[in-house]
Structures are given as structure tokens and as C-alpha cells.
Amino acid sequence: MVGKLGGVIQIKMPLYNVPNMTGEIDSALVETVAEVPSFIPMFLFFIFCMVFLGGSISQKRRTGITDLPMWATIGSIATLLVSLPLTMTGGLIQIDILAIVVTVTIFSGIWLFLSRSRREV
Amino acid sequence: MGLIQYSGSILLVGLFAIAIISFAIGFADDNNAIIDLEDDSLISNAKTGIQGNLTVYYSDTNESSKAFTESTIAAGSDTFESGGVWKTMTGTLPDTMTNAFSLAYTRVFGGDVSFGIIFTVLASFLTILAVLYGWKAWRGNPD
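Remember, it's a predicted structure, so these values are computed and weren't measured experimentally. (Residues numbered from 1 in each chain as written. Chains lettered and ligands numbered in written order. Predicted model: local features only at pLDDT ≥ 70, side-chain atom pairs only at ≥ 80, totals over all residues. Heavy atoms only, no water.)

Here we look at the overall build of chain B
Along its length, chain B carries five helices and zero strands. Put simply, chain B runs from its N terminus to its C terminus through helices and strands in the order α-α-α-α-α. The buried share of chain B, taken over its 143 residues, is 39%. By sequence separation, contacts in chain B at least 24 residues apart represent 66% of the contacts at least 6 residues apart. (Helix = DSSP H or I, 4+ residues; strand = E, 2+ residues; numbered from the N terminus. Buried < 20%, exposed > 50% of the residue type's maximum accessible area, 1.4 Å probe, protein only. Contact = heavy atoms within 4.5 Å.)

Right under this line is the structure:
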């Protein structure tokens, strides 16, 4: 690098090149997805089931009733929030998977709003 | 499920669908994502369709409100002379559900004929329900 300080041209050299410690981490995941195409869909399905089943079972244990449409909506929104950052790196998720996640989220919302009683939203 | 709750539920379904799709598209635009949901023609068409339904619902509501305030009721009558006030419930709102159902039918089930009958029947049932609710409200005995 060439710089000018007080009219004197100086040649600047970096003292130490900071290595990129995270440079190849994403490639590990991308290569895994390339070898196992169903990895991301199964991962997203795991996220959905964990929220849906865990929340509904926990609610059943605490209150005695289970609001399945609500937990389906929450689980699908959580899955959508996990899948959206995956779109920023190529090779992780396909647009078909993202479209299915969005569709399931909308369908869960339909189930939620059509299952409310008179006193609820 | 009463008429107001039925209409409110369908309206919220349309708004929820638009919110989810717009959020996903906006995320891709803001972060220059490689995978953009706007590239999916089915999702884009569904969003455009639902937006169109809600726009028509907005204009129908204004017309119905105007017709309601300008309507007259004959002495001793329990009902409105015109059923146009309730056309917003039976016209555009079930179309919102149809657009959302067709999106799910094609995306999740791949347009399989055996699943298509389920969504066809469900959409028809919601339409019939909307018409019955509108007729019941027009006759002066709403829920």
C-alpha cells in the first residue's frame, strides 16, 4: 500500500495479516448438503416437530388442554425463521423447500384462525 | 361460528398470508439472498391474487357501507330491502381462501388429483357457508 504523509510518500505494509478463521466453515455444511440432499429438509422438519410436539405436550401437562393449531403456527413460523438465513448461502436450501415452508406456515395460519371460538381471536 | 367471526377469520387469513410472503420476499431483498421467494411463480401469483381479493374487499366494503347508510327500511319491516350490504361476506373473502388453498394444494401435494378433491370440497363448503350466513343476516336473524 502506498500512502502520503506530510508530503512524503510512504509504502505501508501490513504488520500481520489477520487470518479468516471462519473462511471454510460454511463449505463444510454446503458439502454435507451436497452429499445428503435431504439434510436441510430433515433439519427443518426437526425444528418444526420440536416446537410443535414440545409446546403442545408441555401445555397439556401444565393446563390440561392442547391448542394444536397455535403450536402448529408457532412451529411453522420458527421453521421459516430458521430457513430464511439459509437462503443467503448458495447450495444450502432450494427454493422448493422454502416455498413448502411458507405454504405450511400459511396453512397453519388458516387452521389457527378457523379454529378459534367466539371468545378468542 | 358467527358471521362476524367467520368473516374476520377469513380476512385475517388473507392478511396473515400476505404478511408471511412479504416478510420472506423482503428478507431476500434486504440481504441480497441467493434464493429469492419472488422467483417462485406460484407464491408470487398467490400473493398477487390475495392482494387483489383484499383490494376488491376494501372497495366492496366502502360501497356496501354507502348502500347501508342510504338504505331504507319500511315500517314494520325487520330486514333490509337490499341484500347488497352482505355481498362483501359472500363475494371476495372466500376467494382469498381459495387462493391460499390452491397454493397449498399445488406446493405441498404437487397438484395430485386425489388431494385436489379435498380442497375443492373445502373451498365449496366455505363458499356455501358464506352465502348461508349472508342470507341469514339479510333475513334479519344473524348469529
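And the narrative resumes.
Quick look at the side chain of S56 of chain A
Residues and elements named next belong to chain A. Checked against the element boundaries, S56 lands in helix α2 (residues 39-63). One polar contact links the side chain of S56 to the main-chain carbonyl oxygen of L53, over a distance of 3.2 Å. Discounting chain neighbours no more than four positions away, the residues touching S56 are V51, T66, L68 and W71. (Polar contact = N/O pair within 3.5 Å; in protein donor to acceptor, adjacent residues only side chain to side chain.)

Points about the packing of α2 of chain A against helix α3 (residues 68-86) of chain A
Residues and elements named next belong to chain A. Running from N to C, α2 and α3 cross one another at 150 degrees; their axes reach a closest spacing of 8 Å. Our classification of the angle between α2 and α3 gives roughly antiparallel. With respect to the hand of their crossing, α2 and α3 are arranged in right-handed fashion. Contacts from I40, F43, L44, I47, F48, V51, F52, G55, S56 and Q59 in α2 reach L68, M70, W71, A72, I74, G75, S76, A78, T79, V82, S83 and L86 in α3. Within the contact of α2 with α3, the residues separate by chemical class into 15 nonpolar, seven polar and no charged. (Axes fitted to C-alpha atoms, helices over the stretch in contact; angles between N-to-C directions. Parallel < 35°, antiparallel > 145°, perpendicular 65-115°, else oblique. Left-handed = near helix turned anticlockwise from the far one by under 90°. Nonpolar A, V, L, I, M, F, W, Y, C, P; charged D, E, K, R; others polar.)

What about the side chain of D67 of chain A?
Relative to the helices and strands, D67 of chain A is located in the loop between α2 and α3. Residue contacts for D67 of chain A: discarding those within four places in its chain leaves Q59 and R116 of chain A.

Some details on the interface of chain B and chain A
Taken together, the contact pairs 31 residues of chain B with 31 residues of chain A. For the pair chain B and chain A, the summed buried surface comes to about 2700 Å²; carbon and sulfur atoms form 81% of the total. Inspection of the chain B/chain A interface yields zero salt bridges. Linking chain B to chain A there are three residue pairs in polar contact (both at pLDDT 80 or more). Mapped by element, the contributors of at least two residues to the side of chain B that touches chain A are α1 (3-31) and α4 (93-109) of chain B. For the side of chain B that touches chain A, a count of residues per class yields 22 nonpolar, four polar and five charged. (Buried area = accessible area lost by both parts, 1.4 Å probe. Salt bridge = Lys/Arg side-chain N within 4 Å of Asp/Glu carboxyl O.)

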